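# A look at the structure
As a plain string of letters, each chain reads:
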Amino acid sequence: MSKVDYLPTLEDASDALLPQQLEILRQQVINEGGDDATIQSRFNYAWGLIKSPEVNDERLGIKILTDIYKESPNRRRECLYYLTIGCYKVNEFTMAKRYVDALYEHEPNNKQVQMLKRMVEDKIQRETVKGIAIGAGVIAGVATVIGLMSRSRRR
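Rules behind the numbers
- Residues numbered from 1 in each chain as written.
- Predicted model: local features only at pLDDT ≥ 70, side-chain atom pairs only at ≥ 80, totals over all residues.
- Heavy atoms only, no water.
- Helix = DSSP H or I, 4+ residues; strand = E, 2+ residues; numbered from the N terminus.
- Buried < 20%, exposed > 50% of the residue type's maximum accessible area, 1.4 Å probe, protein only.
- Contact = heavy atoms within 4.5 Å.
- Areas by Shrake-Rupley, 256 points an atom, 1.4 Å probe, with all protein chains shown as cover.
- Axes fitted to C-alpha atoms, helices over the stretch in contact; angles between N-to-C directions.
- Parallel < 35°, antiparallel > 145°, perpendicular 65-115°, else oblique.
- Left-handed = near helix turned anticlockwise from the far one by under 90°.
- Nonpolar A, V, L, I, M, F, W, Y, C, P; charged D, E, K, R; others polar.
- pLDDT = per-residue confidence, 0-100.
- 1 Å grid on protein atoms, 1.4 Å probe; cavity = no way out; pocket = protein on both sides within 12 Å on 5 of 7 lines; lining within 4 Å.
- Points joined across faces, edges and corners; volume = space filled by probe spheres on them.

Across its full length, the chain holds 8 helices and 0 strands. Counting helices and strands in the order they occur from the N terminus, the chain gives α-α-α-α-α-α-α-α. Counting across all 155 residues of the chain, residues that qualify as buried make up 34%. When contacts within the chain are restricted to residue pairs at least 6 apart in sequence, long-range pairs at least 24 apart make up 55% of them. Carbon and sulfur atoms form 57% of the exposed surface of the chain, whose accessible area is close to 9,700 Å².

This is the structure in structure tokens:
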């Protein structure tokens, strides 16, 4: 299987597991000793947590994947992919960009990585525009209040 085919689709990465499925993955990690469980078991559990609609699950998944990234150089590629998705889902766009950029640096021709990078960059751009609009609105509001106060003092 080539690297290009190995990463899951974004749709697959967003489909939550059933609670019973996630519990099976959690029990596997517990049965193997928690933090001492195999990297594969911890990765599977983190993958399930990242797919969860619950923010606390996603954050735990990010933590586990970060630990695996540090421990296992041969799992870094998958970790970067899911860390990007996890950070994106919890609105940590700066970290998502950092992870996807690291992945893109090694696989600039991978279509899934390109799509993920574009998705993160588009979201950052939209959030920046939204922030500018909010800031402009606040400035306009303050200017209006100051103008009204100035006008009332002149009377």
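Okay, back to it.
This brings us to the packing of helix α5 (residues 55-71) against helix α6 (residues 76-89). Interhelical geometry of α5 versus α6 gives an angle of 155° and a closest axis separation of 9 Å. Relative to α6, the element α5 lies roughly antiparallel. Of the two possible hands of crossing, α5 and α6 adopt the one that is left-handed. Judged by residue contacts, Glu-58, Ile-62, Leu-65, Thr-66, Ile-68, Tyr-69 and Lys-70 of α5 engage Arg-76, Cys-79, Leu-80, Tyr-82, Leu-83, Gly-86, Cys-87 and Lys-89 from α6. Of the residues assigned to the contact of α5 with α6, the class counts are 9 nonpolar, 2 polar and 4 charged.

With that settled, consider the confidence of the model for the chain. In the predicted model, the chain carries a mean pLDDT of 85, and the fraction of residues at 70 or more is 75%. This model gives residues 1-5 a pLDDT under 50, and the stretch forms 7 contacts once residues within four places in sequence are excluded.

So, on to the packing of α6 against helix α7 (residues 93-106). The angle between the axes and the distance between the axes are what describe a pair of packed helices. At a closest axis distance of 8 Å, the pairing of α6 and α7 adopts a crossing angle of 155°. Our classification of the angle between α6 and α7 gives roughly antiparallel. As for the relative orientation of α6 and α7, their crossing is left-handed in sense. Between α6 and α7, the contacting residues are Arg-77, Leu-80, Tyr-81, Leu-83, Thr-84, Cys-87 and Tyr-88 on the first element and Phe-93, Met-95, Ala-96, Tyr-99, Val-100, Ala-102 and Leu-103 on the second. Here the residues of the contact of α6 with α7 are counted per class, giving 12 nonpolar, 1 polar and 1 charged.

For the rest of this paragraph, the subject is the layout of surface pockets. Roughly 210 Å³ of volume is contained in the largest pocket. Forming the walls of the largest pocket are Val-29, Gly-34, Asp-35, Arg-42, Tyr-45, Leu-60, Lys-63, Ile-64, Asp-67 and Glu-71. Tallying contributions element by element places α5 first for the lining of the largest pocket, with 5 residues. In terms of residue class, the lining of the largest pocket is made up of 4 nonpolar, 1 polar and 5 charged. Roughly 170 Å³ of volume is contained in the second largest pocket. Taken together, 12 residues make up the lining of the second largest pocket; nearest its centre are Arg-76, Arg-77, Leu-80, Leu-103 and His-106.

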